[in-house]
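Okay, here's what each chain looks like letter by letter:
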Amino acid sequence: MTSWPRMDRRGPEVTESDLRAFEEQLGVTLPEDYRSFLFEVNGGRTADEATKFSFGRGRTNLNSILSLKDPKGVRNIEERNELIRDDLPPELLLIASDDGGSRICLCIRGEHKGEVWFFDTTDRRPSGSNPRVLWHDRRDMTKLADNFRAFMASLTPL
């Protein structure tokens, strides 16, 4: 079993068959590090409520990481992704959010599979100020990490 630092409140326990059913629903095999995280931790909140963590160049606050089978719809990965499916490129899976509601996504297919990206839903910069990411043709996306484990390791206390 892998230790996932910085996770205090965890999501509901899931089984291997729960993970396989989710992958079947998505039509992909999830990257191994993220799959391991779901099996062992299944999302939740980072540390205790008093300790917030930040990520990325702008040091954005991480709110929560979505969970499989979470009874709270706002934290349920299946429900949240169904609600926003038309807003994301099909390669991306919403896995978490920041305090402002912007999205942290995992690339689940294609040449960028496994990478973690930030979809800034509050980006107010002029349209030419952020370089266009070619594979999904958007300016409001920033790569955070090459993989989920690296993203988790990049979290720093505020």
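See the structure printed just above.
Asker: Where do I start with the packing of aromatic side chains in this structure?
Answerer: The geometry of an aromatic ring pair is captured by two quantities: the separation of the ring centres and the angle between the planes. The full count for this structure, using the stated rule, is 4 aromatic pairs. Judged by centre distance (6.4 Å) and plane angle (20 degrees), the ring pair of Y34 and F37 falls under stacked. Residue Y34 and its partner F37 are located together in helix α2 (residues 32–40), separated by 3 residues, close to a single helical turn. With centroids separated by 5.0 Å and ring planes inclined at 75 degrees, the aromatic side chains of Y34 and F148 adopt a geometry described as edge-to-face. Remark: F148 occurs in helix α4 (residues 148–154) and Y34 occurs in helix α2; sequence separation between them is 114 residues. The same class applies to Y34 as to F148, namely buried. Taken together, the ring pairs connect Y34, F37, F148 and F151 into an aromatic cluster.

Asker: What is the right way to look at the side chain of H112 in this model?
Answerer: With respect to the helices and strands, H112 occurs in the loop between β6 (103–107) and β7 (116–119). Given the relative accessible area of 18%, H112 is considered buried.

Asker: For this particular structure, what's the right way to read the pairing of β6?
Answerer: Sheet faces and side chains relate simply in a regular strand, where the side chains alternate between the two faces. Extensive coverage of β6 is indicated by the burial of 5 of its 5 residues. On β6, burial covers both faces: R103, C105 and C107 on one face and I104 and L106 on the other are all buried. In this structure, strand β5 (residues 92–98) lies alongside β6, joined through 5 bridges in antiparallel fashion. Paired with L92 across the strands is C107, a residue of β6. In this structure, β6 lies alongside β7, joined through 4 bridges in antiparallel fashion.

Asker: I tried to follow the pattern of salt bridges on my own but got confused; where do I start?
Answerer: Pairs can form between side chains of opposite charge whenever their charged atoms are close. According to the stated counting rule, one finds 7 salt bridges in the structure shown. Across the pair E16 and R35 runs a salt bridge, and its minimum N-O distance is 2.6 Å. Of this pair, E16 sits in helix α1 (residues 16–26) while R35 sits in helix α2, placing them 19 residues apart in sequence. Between K143 and E115 there is a salt bridge, with the nearest N and O atoms lying 3.4 Å from each other. Of this pair, K143 sits in strand β8 (residues 141–145) while E115 sits in the loop between β6 and β7; the two residues are 28 residues apart in sequence, bridging distant segments of the chain.

Cut-offs and rules
Residues numbered from 1 in each chain as written. Predicted model: local features only at pLDDT ≥ 70, side-chain atom pairs only at ≥ 80, totals over all residues. Heavy atoms only, no water. Phe/Tyr/Trp six-rings, centres within 6.5 Å; stacked < 30°, edge-to-face > 60°. Helix = DSSP H or I, 4+ residues; strand = E, 2+ residues; numbered from the N terminus. Buried < 20%, exposed > 50% of the residue type's maximum accessible area, 1.4 Å probe, protein only. Pairing = 2+ DSSP bridges. Salt bridge = Lys/Arg side-chain N within 4 Å of Asp/Glu carboxyl O.

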